[in-house]
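Observations on the model geometry
Chain residues, written in single-letter form:
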Amino acid sequence: MIIRRAQFITSLDALGNYPGRGLPEVAMVGKSNVGKSSMINKLTNSGKLARTSSEPGKTRLINLFDLNGEIILVDLPGYGFAKVSREERRRWAGMIEGYLSRSETLRLVLMLVDMRHKPTEDDVTMVEYLRHYGIPFHVIATKADKLSRAEGSRSIPVICRTLGVQPWQIIPFSSQDGRGRDRVLELFDELLPPPEIVEGENG
Ligand SMILES: Nc1nc2c(ncn2[C@@H]2O[C@H](COP(=O)(O)OP(=O)(O)OP(=O)(O)O)[C@@H](O)[C@H]2O)c(=O)[nH]1
Ligand SMILES: [Mg+2]
């Protein structure tokens, strides 16, 4: 998919109506600071469409972005961020779960894990949750630019074992150098309606 136009739509604290609702949705999940918002900016080639921060807990609402009027990208708050109050964490978990379990147009989840670290208990829980609800997902191994080639090849089997996924389900990604971007955009292509066949052409 070539992204010609990317626009912020709105922020919600629970799934509700929004302009563009009905289009296929792709949601990013993962712990705080893993790089969800940065990934949106890299995919759309826009410096600051989604707000990022070196401090975890930046995204606090469900943020929706329109791609070409064809796909909705959903930026969710991160989980597992110890510094916010228990009540706030519960509210975020409710937002994430509420969204994942209720959206009827959610077609793909990009589950982000930091390529440098073993996935956490929360990550394992998230994958179990996605499987339970039968939500198709791919694992995005973020911050790949921070690893050497050797470190990178050691990290993939750890992610596979911990999350119980196959290597083909993992896409190493970097918001710095853009690796993985093309593979993710190819996944988006699969969500688009097939091109219309124009009758009368080529016999
Ligand atoms: N080197 C490197 N840094 C990255 C990459 N992706 C994100 N970062 C940095 O990691 C920090 C967190 O990035 P965000 O995109 O805000 O993370 P998030 O997952 O949206 O975080 P929350 O909104 O708090 O859940 C920022 O300082 C980014 O610059 C990457 O691919 N490579
Ligand atoms: Mg964010």
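So, here is what we can say about the structure in this document. (Residues numbered from 1 in each chain as written. Chains lettered and ligands numbered in written order. Predicted model: local features only at pLDDT ≥ 70, side-chain atom pairs only at ≥ 80, totals over all residues. Heavy atoms only, no water.)

1. Some points on the site of ligand 1
Lining the immediate surroundings of ligand 1 are 21 residues, of which Lys36, Ser38, Gly57, Asp145 and Ser175 lie closest. At 2.7 Å from a nitrogen atom of ligand 1 is found a side-chain nitrogen or oxygen belonging to Asp145. Backbone polar atom of Ser175 to an oxygen atom of ligand 1: 2.7 Å apart, as the coordinates give it. Coverage of ligand 1 by the protein amounts to 89% of the 660 Å² it exposes when considered alone. Of the residues belonging to the shell around ligand 1, the class tally is two nonpolar, 14 polar and five charged. (Near = heavy atom within 4 Å. Polar contact = N/O pair within 3.5 Å; in protein donor to acceptor, adjacent residues only side chain to side chain. Areas by Shrake-Rupley, 256 points an atom, 1.4 Å probe, with all protein chains shown as cover. Nonpolar A, V, L, I, M, F, W, Y, C, P; charged D, E, K, R; others polar.)

2. Here we look at the packing of aromatic side chains
With the rule as written, the count across this model stands at two aromatic pairs. Seen from their ring centres, Tyr129 and Tyr133 are 4.7 Å apart, and the 45 degrees between their planes marks the pair as tilted. A relative accessible area of 43% means that Tyr133 is categorised as partly exposed. (Phe/Tyr/Trp six-rings, centres within 6.5 Å; stacked < 30°, edge-to-face > 60°. Buried < 20%, exposed > 50% of the residue type's maximum accessible area, 1.4 Å probe, protein only.)

3. So, the side chain of Ser155
If you trace the backbone, Ser155 turns up in helix α4 (residues 149-163). In terms of polar contacts, Ser155 uses its side chain to reach the backbone carbonyl oxygen of Met115, at 3.0 Å. (Helix = DSSP H or I, 4+ residues; strand = E, 2+ residues; numbered from the N terminus.)

4. A look at the packing of helix α2 (residues 86-102) against helix α3 (residues 121-132)
In contact at an axis separation of 11 Å, α2 and α3 are set at 25 degrees when each is read in the N-to-C sense. The angle between α2 and α3 places the two elements in the roughly parallel class. Crossing hand, α2 versus α3: right-handed. Residues Ile96, Glu97, Leu100 and Ser101 of α2 lie in contact with α3, whose contacting residues are Met126, Tyr129 and Leu130. Residue composition of the contact of α2 with α3, by class: five nonpolar, one polar and one charged. (Axes fitted to C-alpha atoms, helices over the stretch in contact; angles between N-to-C directions. Parallel < 35°, antiparallel > 145°, perpendicular 65-115°, else oblique. Left-handed = near helix turned anticlockwise from the far one by under 90°. Contact = heavy atoms within 4.5 Å.)

5. Remarks on unusual backbone geometry
Glycine aside, negative phi is the norm for most residues, and most peptide bonds take the trans geometry. Here the phi dihedral of Asn33 falls at roughly 80 degrees; this positive angle occurs in a residue that is not glycine. With respect to the helices and strands, Asn33 occurs in the loop between β2 (25-30) and α1 (36-43). A positive phi angle, near 60 degrees, is found at Lys143, a position not held by glycine. The exposure class of Lys143 is buried, given its relative accessible area of 18%.

6. With respect to the environment of Asn45
Note on placement: Asn45 falls in the loop between α1 and β3 (62-67). You can call Asn45 exposed: its relative accessible area is 57%. Each C-alpha atom of the pair Asn45 and Ile3 lies 8.5 Å from the other, and the pair is 42 residues apart in sequence.

7. Quick look at helix α5 (residues 181-189)
Of all the residues in α5, the buried ones are Arg181, Val184, Leu185, Leu187 and Phe188. All buried residues of α5 lie within an arc of 150 degrees about the axis, which places them on one face of the element. (Arc of directions from axis to C-beta.)

8. Describing the side chain of Glu25
On the secondary structure map, Glu25 appears in strand β2. One buried charged residue, Glu25, remains without a salt bridge, the closest side chain of opposite sign being Arg21 at 4.9 Å. A polar contact is formed between the side chain of Glu25 and the side chain of Tyr99, at a distance of 2.7 Å. Apart from residues lying up to four places away in sequence, Glu25 is in contact with Tyr18, Ile72, Val74, Tyr99, Ser103, Thr105, Leu106, Arg107 and Leu108. (Lys, Arg positive; Asp, Glu negative; His and termini not counted. Salt bridge = Lys/Arg side-chain N within 4 Å of Asp/Glu carboxyl O.)

9. With respect to the pattern of salt bridges
The final tally for this structure, using the stated rule, is four salt bridges. With its nearest N and O atoms 2.8 Å apart, the salt bridge here joins Asp114 to Arg116. For Arg116, a relative accessible area of 35% translates into the label partly exposed. Of the charged contacts, one joins Arg179 and Asp177 as a salt bridge, the two residues approaching to 2.6 Å between their closest N and O atoms. Classification of Arg179 by relative accessible area gives partly exposed; the value is 36%. Within this structure, Arg60, Glu88 and Arg91 form a network of salt bridges that share partners.

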